[in-house]
Amino acid sequence: MASSTGSPDRPHLSIVVPCFNEEASVGPLYEALRFLGAEIIFVDDGSTDGTLNELRGLAAKDPDVRFTSFSRNFGKEAAMLAGMRRATGQAVVILDADLQHPPALIPRMIGLAEQGFDQVVARRDRNGETFVRRTSARLFYRAVNRWTDVRLDDGAGDFRLLSRRAVDAILALPESNRFAKGLFSWIGFPTVVLPYRNELRAAGTSTWTAGRLINYALDGLLSFNDKPLRLAVYGGLLASFVALVYSIWVVGNTLMYGVDVPGYATIIVAVIGMGGFQAVLLGLIGEYVGRIYHETKRRPHYLVKETDS
Ligand code: UDP
Ligand code: MG
């Protein structure tokens, strides 16, 4: 497919850019990337603005630019997947379209890859973010690292370089529920972190509303393990144990001192408490069942509307 434009002694590089309503950003981003001589793969994730038009224009004038356009918005994870599937490079860099991921970092990432690292993960600080977002992110990562089997780093996003074998490993994972951060961490391989200063968005607005972030956090917690179920089992055991101790005390009390009516408050608290506990448990099980349901449908991750070739 794509022919390399990099010099033959250097491994050929592909850059994957997911774009959702980024008409103002793709042009400047392209200008920042073209000097790298890499294959640039833009994935238009069902944008409703002029993004696709911009991409058509870029692909028409530069043979190193390719694009895939989805039939609708399928989400960034799907867009990254589509881009990685098209990438032909020995190394693949994934970066956001909004210029928040500084292209200037790419040569250093390549340098680290040449030292033998399969994953070079750019990690930003949280400069310029609201207190709420910063704190919720901290809590999220603490929870994930505590309750799941994969390790996630705060600030380590999807901006990273992957070696060919790392990309192939990602592409070989069959699940349809793709929580990229978790998948990247799951495949392993020698990994190095490259810190950088967070840039504020150049144009447009972040598509991550609070609701989306909460859903994302839940996905992250649930897609990677069944530890929450284990936790529920322990919670249930604890509740049963407390109930047992209490009932022994109640029975003993009744035998010794006779029947005593007060107890309304205890009963109500116990009923409501257990009801809530069981509702949460059912919801938790439902989440997993829902995931199984989703996986068994085996739907494609995205549908393509148009490509450059
Ligand atoms: N994006 C995408 N599909 C979506 C949402 C976002 O492809 O449904 C792209 C978006 O165009 C950008 C990147 O994913 O290139 C990160 O999105 P955004 O800047 O909104 O997220 P943030 O930087 O706030 O985490
Ligand atoms: Mg952004």
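Residues numbered from 1 in each chain as written. Chains lettered and ligands numbered in written order. Predicted model: local features only at pLDDT ≥ 70, side-chain atom pairs only at ≥ 80, totals over all residues. Heavy atoms only, no water.

Naming follows an unreviewed UniProt entry, where the protein chain appears as Glycosyltransferase family 2 protein of Paractinoplanes ovalisporus. What UniProt states about the protein chain under its Sequence similarities (unreviewed entry) heading is, verbatim, "Belongs to the glycosyltransferase 2 family." (UniProt positions renumbered as here; feature names shortened; annotations may be inferred.)

Under the counting rule described, the total for this entry stands at 1 cavity of 30 Å³ or more. Of the pockets and cavities examined, the largest cavity occupies roughly 60 Å³. Along the walls of the largest cavity sit E77, M80, L81, M84, I170, R178, A180, L183 and F184, which together make up its complete lining. Sorting the residues of the lining of the largest cavity by element identifies helix 3 (76-86) and helix 7 (180-187) as the ones contributing at least two each. When the residues that make up the lining of the largest cavity are grouped by side-chain class, the tally is 7 nonpolar, no polar and 2 charged. (1 Å grid on protein atoms, 1.4 Å probe; cavity = no way out; pocket = protein on both sides within 12 Å on 5 of 7 lines; lining within 4 Å. Points joined across faces, edges and corners; volume = space filled by probe spheres on them. Helix = DSSP H or I, 4+ residues; strand = E, 2+ residues; numbered from the N terminus. Nonpolar A, V, L, I, M, F, W, Y, C, P; charged D, E, K, R; others polar.)

This part covers the side chain of R66. With respect to the helices and strands, the residue R66 is situated in strand 3 (residues 65-70). Within the local environment of R66, its side chain forms a polar contact with the side chain of E39, the two groups lying 3.3 Å apart. A polar contact of 3.2 Å, which involves the side chain of R66, links it to the backbone oxygen of P63. (Polar contact = N/O pair within 3.5 Å; in protein donor to acceptor, adjacent residues only side chain to side chain.)

Okay, the pairing of strand 2 (residues 39-44) next. Walk down a regular strand and you will see the side chains alternate between the two sheet faces. Where burial is concerned, most of strand 2 is hidden: 6 out of the 6 residues are buried. Taking every second residue as pointing to the same face, both faces of strand 2 are buried, with E39, I41 and V43 on one and I40, F42 and D44 on the other. Summarising the sheet, strand 1 (residues 13-19) and strand 2 pair through 6 bridges and their orientation is parallel. Its bridge partner being in strand 2, V16 is matched across the sheet by I41. Between strand 1 and its parallel partner strand 2, the chain crosses via helix 1 (residues 23-33), and the hand of that crossover is right-handed. The pairing of strand 2 with strand 3 spans 5 bridges and is parallel. Following the sheet pairing, I40 is matched in strand 3 by V65. Note on the crossover from strand 2 through helix 2 (residues 51-61) to strand 3: the handedness is right-handed. (Buried < 20%, exposed > 50% of the residue type's maximum accessible area, 1.4 Å probe, protein only. Pairing = 2+ DSSP bridges. Right-handed = clockwise from strand over helix to strand, strands pointing away.)

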